[in-house]
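For reference, the chains in residue letters:
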Amino acid sequence: MTSIWLDRREPFSSDPFEPDTRYDTVVAGAGLTGLVTALLLARSGQSVLVLEARFPGAVTTGNTTAKVTLLQGTFLSQLARQYSQKQVQAYVDGNREGQAWLLRYLEEHNVPFQRRDAYTYASSAQGTEKLREEVSAASTAGLDVDYVRDAGLPFPVHGAVRLRDQAQINPMEVIDALVADIRSRGGHIVSGVRLRDVTGDAPSAVKTDHGSVRADKAVLATGIPVLDRGLYFAKLKPSRSYAAALELQEDQAPPPGMYISVEQPTHSLRDYGVDGRNLLLVGGHGHQVGRTDSEKAHLSGLLEWAGGHYPGAVATHTWSAQDYLPTNLMPFFGKLPRGKGQIYFGTGYNKWGMTNAVAAALGISADILGGQVPWADTIHHRITSPSGALSAVALNAGVAARLASDWGKVTTEGRKFDGLKRGAGGSAAPASEGAVPTPPVPAGSAAAAVPAEGQGKVYREGNRPVAVSTVAGTTCRLSAVCTHMGGILHWNDNEQSWDCPLHGSRFTNQGKLLEGPATRDLPEAPPA
């Protein structure tokens, strides 16, 4: 699965990694947060190194639907139920500044973007009450929204909130411009190097899987912090959602704006012009990472929905993305607790990273350079509401229950419990978030030892949980224990990966770390 943004012929050319060198700041993560932060610091004259475990834009930024909008579903009304108006206003002000900075940067560097009206729409009468709450919250925060009956969609809606003159982008064109700009200012961008730890007083040792460098400051722009100080993995719910680019029939056209639904499963729409074609991009049908019977069924559900409204549409690309949702709703950014004032981070953008990532970068760079940003100061001094605290308790109770349940199944049953996934023709609907699929297979049987093509399963071998999968004719045997916090891994039948249902770390079928709070690959399982 490759997003339409990442379907590119030119590989990234990395700068060399030079161990034992010193920098003013090392940034881990070359997505939008990391690169904007690095650019702002390089502009100030700092020596900056960006470390990226894969390549720039490889994770969330390169898999987004890339809407640069201040109308974010019904998020402002959700915030208003938990926070004071001052806090809600600070969030809007930060996103407004992030949006303005990004669009101004694109204009200055001749990077194309398209102006579009943004809509949050309701497909049911019940959804209209949420729309009216969003109109109230957005208007109070100074956004010029209006309520409309006709949103320009090819299916009936009961109403929509509209915010005019927002924007959409190709995120990898933005990444390319930022990379070139950072390098032109003396910054270095290294791919294929993963940060493992930051230790000691300034200049701290920034430890990677290729050696160490030293820096006065470090910034974690890794989606979710890869250092566990502050325990942010316990304050964020990892969510996976799906997207597709569709070529429509000649008598069809994408709707004129950018859209997201109130109802679940979420449905997001926008257009994208490429090679003389105007494609429709759809997204949604998300779930908590590693907690569904079949990821493939979620993507199928999205495509079936799109096909119902655009008959004959053909998917040119399908992909998925991972986002982190804070239990208290508000994004986190700034100084990392127990980081001695030397480590900064940004996370928890609630799927609205095109504005929040830039806002976080503006706040982080201001902190490092000694500036002051009023809206950021207000957000830093927020107080978690009772509902936010209860949400955190519920999330972590669920994590603990999942950990105990999965280990119990492996230990006491000694049987496969993670379910043979359906083949390419499977059409089962997704199970509930905590579902445990299909009957167990006795450990040691032939069925447990060698899964069919495209399938993976977990079973006990002695006292060890073993993850076995077959992809492209090759069977791999790995430890089934996540290298972050010991969760039992789940086979993702859509991307043929091992996903952790606790905090969202993901690994290839061969055990290579893809994303999440883990910092190490899966070890191979010892011979049976």
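Residues numbered from 1 in each chain as written. Predicted model: local features only at pLDDT ≥ 70, side-chain atom pairs only at ≥ 80, totals over all residues. Heavy atoms only, no water.

### Points about empty space enclosed by the protein
Inspection of every chain in the model, using the stated rule, returns 4 cavities of 30 Å³ or more. Here the largest cavity defines a volume of roughly 70 Å³. Around the largest cavity, the lining residues are Ala-90, Tyr-91, Gly-94, Asn-95, Pro-331, Phe-333, Tyr-349, Asn-356, Ala-359, Ala-360, Trp-375 and Ile-379. Its residues assigned to classes, the lining of the largest cavity shows 9 nonpolar, 3 polar and no charged. (1 Å grid on protein atoms, 1.4 Å probe; cavity = no way out; pocket = protein on both sides within 12 Å on 5 of 7 lines; lining within 4 Å. Points joined across faces, edges and corners; volume = space filled by probe spheres on them. Nonpolar A, V, L, I, M, F, W, Y, C, P; charged D, E, K, R; others polar.)

### A few points about the side chain of Asn-95
If you trace the backbone, Asn-95 turns up in helix H3 (residues 85-108). Given a relative accessible area of 2%, Asn-95 falls into the buried group. At 2.5 Å, the side chain of Asn-95 forms a polar contact with the side chain of Thr-355. The contact partners of Asn-95, leaving out residues within four places of it in the chain, are Leu-70, Gln-72, Thr-355, Asn-356 and Ala-359. (Helix = DSSP H or I, 4+ residues; strand = E, 2+ residues; numbered from the N terminus. Buried < 20%, exposed > 50% of the residue type's maximum accessible area, 1.4 Å probe, protein only. Polar contact = N/O pair within 3.5 Å; in protein donor to acceptor, adjacent residues only side chain to side chain. Contact = heavy atoms within 4.5 Å.)

### Observations regarding helix H7 (residues 353-369)
Taking 1.5 Å as the rise per residue, H7 with 17 residues should run 24 Å; its terminal C-alpha atoms sit 23 Å apart, in good agreement. Extensive coverage of H7 is indicated by the burial of 15 of its 17 residues. Immediately beyond the C-terminal end of H7, within one or two residues, lies Gly-370, with a positive phi of roughly 85 degrees. (Expected span 1.5 Å × (residues − 1).)

### Digging into the sheet that holds strand E18 (residues 455-461)
Within the open sheet, the 3 strands sit side by side as E18-E19-E20. Their pairing is antiparallel. The open sheet has two edge strands with one neighbour each: E18 and strand E20 (474-479). The mean inter-strand angle of the sheet, taken between neighbouring strand axes irrespective of direction, is 25 degrees. (Pairing = 2+ DSSP bridges. Axes fitted to C-alpha atoms, helices over the stretch in contact; angles between N-to-C directions.)

### Overview of the layout of surface pockets
The computed volume of the second largest pocket comes to approximately 330 Å³. In terms of lining residues, the second largest pocket is bounded by 19 residues, among which Met-1, Arg-54, Ala-58, Asn-63 and Glu-495 are the most central. Elements with a minimum of two residues in the lining of the second largest pocket: strand E15 (314-326) and strand E24 (513-515). With 4 residues, E15 is the single largest residue contributor to the lining of the second largest pocket. Looking at the lining of the second largest pocket residue by residue, the class counts come to 8 nonpolar, 6 polar and 5 charged.

### Structural notes on the pattern of salt bridges
All told, the structure shown has 20 salt bridges when counted by the stated rule. In this structure, Asp-165 and Arg-115 form a salt bridge, with 3.7 Å as the shortest nitrogen-oxygen distance. Of the two residues, Asp-165 sits in strand E6 (residues 159-168) while Arg-115 sits in strand E4 (residues 114-122), which places them 50 residues apart along the sequence. Judged by its relative accessible area of 45%, Asp-165 is partly exposed. The exposure class of Arg-115 is partly exposed, given its relative accessible area of 39%. A salt bridge links Asp-197 to Arg-229, with the shortest nitrogen-to-oxygen separation between them at 3.0 Å. (Salt bridge = Lys/Arg side-chain N within 4 Å of Asp/Glu carboxyl O.)

### Remarks on the pairing of strand E14 (residues 277-288)
Regular strands place their side chains on alternate faces of the sheet. For E14, the buried fraction is high: 9 of the 12 residues fall into the buried class. Taken together, the 7 bridges between strand E11 (residues 236-247) and E14 define a ladder with antiparallel strand orientation. In the strand pairing of E14, Ser-239 is matched with Gln-288. Across 8 bridges, strand E13 (residues 267-274) lies against E14 in antiparallel orientation. Within E14, the position partnered with Ser-268 by the bridge is Gly-283.

### Section: the pairing of strand E9 (residues 204-208)
Across the 5 residues of E9, 4 count as buried, placing the element largely inside the fold. With 4 bridges connecting them, strand E8 (residues 195-199) and E9 associate as antiparallel partners. By the bridge assignment for E9, Leu-195 is matched with Thr-208. Following E8, the chain reverses through 4 residues before pairing antiparallel with E9; Gly-200 in that reversal takes a positive phi of roughly 85 degrees.

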